[in-house]
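Summary of the model geometry
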Amino acid sequence: MNAILCQQYGPPETLRLTEVPEPQPAAGQVLIGVNACGVNFPDTLIIEGKYQVKPPMPFAPGGEVAGRVLSVGEGVTTLKPGDHVFALTGYGGFAEQVVAHATTTLPMPAGMDFVTAASTMYTYGTSYHALKDRANLQAGETLLVLGAAGGVGLAALQLGVLMGARVIAAASSEEKLAVCRELGALETINYTTEDLRTRVNELTGGKGVDVVYDPVGDRFAEPAVRSLAWRGRYLVVGFAAGSIPSIPLNLALLKGASIVGVFWGAFAQREPKRSRQNFEQLLQWITTGQLKQHIHKQYLLADAPVALRDLLDRKVIGKAVVIIDTP
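Each chain has its residues counted from 1, running along the sequence as written. Selection of residues for local features in this predicted model requires a pLDDT of at least 70, selection of side-chain atom pairs for listing and counting requires 80 or more, and totals for whole chains, interfaces and linings are taken over all residues. For side-chain calculations, the full set of non-hydrogen atoms in the structure is used, while hydrogens and water are omitted.

A short note on the overall build of the protein
The helix and strand inventory of the protein stands at eleven helices and 15 strands. Computation of the radius of gyration draws on C-alpha atoms alone. For the globule rule, the value is 2.2 Å times the number of residues to the power 0.38. At 20 Å, the protein has a C-alpha radius of gyration in line with the 20 Å of a compact globule built from 327 residues. Principal axes of the C-alpha set define a box for the protein whose edges measure 60 × 40 × 35 Å. Accessible area is worked out with a 1.4 Å probe on protein chains only. A residue is then buried under 20% of its type maximum, exposed over 50%, and partly exposed in between. Expressed as a percentage of the 327 residues in the protein, the buried residues total 55%. Any two residues having at least one pair of non-hydrogen atoms within 4.5 Å are treated as being in contact. Taking contacts inside the protein between residues at least 6 apart in sequence as the whole, the part at least 24 apart equals 69%. Here the protein displays about 13900 Å² of accessible surface, and carbon together with sulfur accounts for 52% of that area. Helix and strand definitions follow DSSP, with helices as H or I runs of at least four residues and strands as E runs of at least two, each counted in order from the N terminus. Calculation of accessible area relied on Shrake-Rupley with a 1.4 Å probe; when residues are assessed, cover is drawn exclusively from the protein chains displayed.

Section: the sheet that holds strand β11 (residues 209–214)
In a beta sheet, neighbouring strands pair by backbone hydrogen bonds and run either parallel or antiparallel. Two strands make a pair as long as DSSP finds a minimum of two bridges between them. Strand order in the open sheet formed by six strands is β10-β9-β8-β11-β12-β13, with parallel pairing between adjacent strands. Edge positions in the sheet fall to β10 (187–190) and β13 (258–261), since each of these pairs with one other strand and no more. Within the sheet, the average angular offset between the axes of one strand and its neighbour, ignoring direction, is 20°. Relative to β13, strand β12 (residues 228–236) is paired through four bridges, and the arrangement is parallel. Looking across to β13, one finds that Arg233 is bridged to Ser258. Here the axes come from fitting lines to C-alpha atoms, over the contacting stretch only for helices, and the angles between their N-to-C directions go from 0 to 180 degrees. Set on the sheet, helix α4 (residues 151–162) makes contact with β8 (142–145), β9 (166–171) and β11; between it and β8 the angle comes to about 170°.

A look at the pairing of strand β15 (residues 319–323)
Of all the five residues making up β15, four are buried; the element is thus mostly covered by neighbouring parts of the structure. Summarising the sheet, strand β3 (residues 29–39) and β15 pair through four bridges and their orientation is antiparallel. By the bridge assignment, Ala36 is partnered in β15 with Ile323. Across five bridges, strand β14 (residues 295–300) lies against β15 in parallel orientation.

Digging into the environment of Ala95
Its location among the elements puts Ala95 in the loop between β5 (84–88) and β6 (97–101). Each C-alpha atom, one on Ala95 and one on Val20, is 9.3 Å from the other, the two residues being 75 residues apart in sequence.

Section: the pattern of salt bridges
Any Lys or Arg side-chain nitrogen found within 4 Å of a carboxyl oxygen on Asp or Glu counts as a salt bridge. Within the structure shown, the criterion is met by 15 salt bridges. A salt bridge links Asp83 to Lys80; the nearest nitrogen and oxygen atoms lie 2.9 Å apart. Under the relative-accessibility criterion, Asp83 is labelled buried at 16%. Exposure remark for Lys80: the relative accessible area of 51% places this residue in the exposed category. Residues joined by salt bridges that share partners form a network here, namely Lys132, Asp133, Glu271 and Arg274.

Quick word on the nonpolar core
Counting residues in hydrophobic clusters, the biggest one holds 54 residues, and the most contacted among them are Phe86, Leu131, Leu143, Leu159, Tyr213 and Leu235. Counting residues per element, this core draws most heavily on helix α3 (residues 121–134), which supplies six residues. By nonpolar core is meant a set of buried Ala, Val, Leu, Ile, Met, Phe, Trp, Tyr and Cys residues that side-chain atoms within 4.5 Å join together. One finds Ile47, Tyr51, Phe59 and Leu311 within the second-largest nonpolar core, a separate group that totals 32 residues.

Quick look at helix α11 (residues 304–312)
All of the buried residues in α11 are Ala304, Pro305, Ala307, Leu308, Asp310 and Leu311. Buried residues in α11 make contact with β1 (2–5), β3, α1 (41–46), β14 and β15.

Notes on the packing of α3 against α4
Packing of α3 against α4 brings their axes to within 8 Å, and their N-to-C directions diverge by 50°. One element, α3, and the other, α4, form an angle in the oblique class. For the pair α3 and α4, the sense of crossing is right-handed. Judged by residue contacts, Tyr122, Thr123, Tyr124, Thr126, Ser127, Tyr128 and Leu131 of α3 engage Gly151, Val152, Ala155, Ala156, Gln158, Leu159 and Gly160 from α4. The class makeup of the residues in the contact of α3 with α4 is eight nonpolar, six polar and no charged. Every angle not falling under 35 degrees, over 145, or within 65 to 115 is termed oblique; those three ranges are roughly parallel, roughly antiparallel and roughly perpendicular. Each helix crossing is assigned a hand: it is left-handed if the near helix lies turned anticlockwise from the far helix by less than a right angle, otherwise right-handed if that turn is clockwise. Here the term charged refers only to Asp, Glu, Lys and Arg, the term nonpolar to Ala, Val, Leu, Ile, Met, Phe, Trp, Tyr, Cys and Pro, and the term polar to all other amino acids, Gly among them.

Structural notes on the side chain of Asp133
Structurally, Asp133 can be placed in helix α3. Polar contacts involving the side chain of Asp133 include one to the side chain of His129, which spans 2.9 Å. Polar contacts here mean pairs of N or O atoms no more than 3.5 Å apart (in protein, one a potential hydrogen donor and the other a potential acceptor; neighbouring residues in sequence count only if both atoms are side-chain atoms). Polar contacts involving the side chain of Asp133 include one to the side chain of Asn278, which spans 2.9 Å. Non-local contacts of Asp133, meaning those with residues more than four positions away in its chain, are made with Tyr128, Phe267, Arg274 and Asn278.

Dropping the structure here:
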């Protein structure tokens, strides 16, 4: 089978389309013929050796897939060959076939297409876990989303609106902010031309925001924390801007605020029952049309490195997806 392989740590341009042996599922696993694989920021980190997980070389990036079950390992009773599924794999998804744990593989609802299914786990899974389980976001609260035009950012924006929050979207261009407004943001901030903290104060009448959703980090983190209201919650989602920020902890003290980590992958592994409950709600919203992923572009498997480069260069609005023509 064909796969996009990382054979040494480096940028997307070092990845190569290579023929490799077909994998076999072990006990508790399923083998999936991949039709689509989501492109996510962790994919750019894992190929450079900067992610929490470091797979043995060589490996294919690609942490979430959708496709058909080809075979199941010993002990798997919830899935069978032919089932349409989407799965959290962590890596291995930029390939024609991938092995996934049955516990993190879910049946696709009737009527859902492979592209939508491959765009659901990381973005909506992360953002709903963050807002519901970690921030306890309430209707009527104000939510500030940084990196609001990215995959997880747009997901957080849409979910915040569905959960009844007043959403302020912050992004780096007017083109990106226009998409945010289309998807329900009441106010927007262009943080390349406007001062983040000043604009938050203006938009909230000096009160601040109840929740900050931050997948960006770097220089935006501290002004975002300073923009929290009393008992605000700052969600540490990721560091897409590059540097991991240092936050003066006296800010949390003075505001009675919480700085809360969000690691959805670990949550899905450690608390699978709660994770599945979250997905039941997410899938209901998706199948009823209340949530709809914004797909930036679909790429062929051979062009997966281009998709990763576009993601790194901040060209992707919403979600990029790699399409794989499985045999």
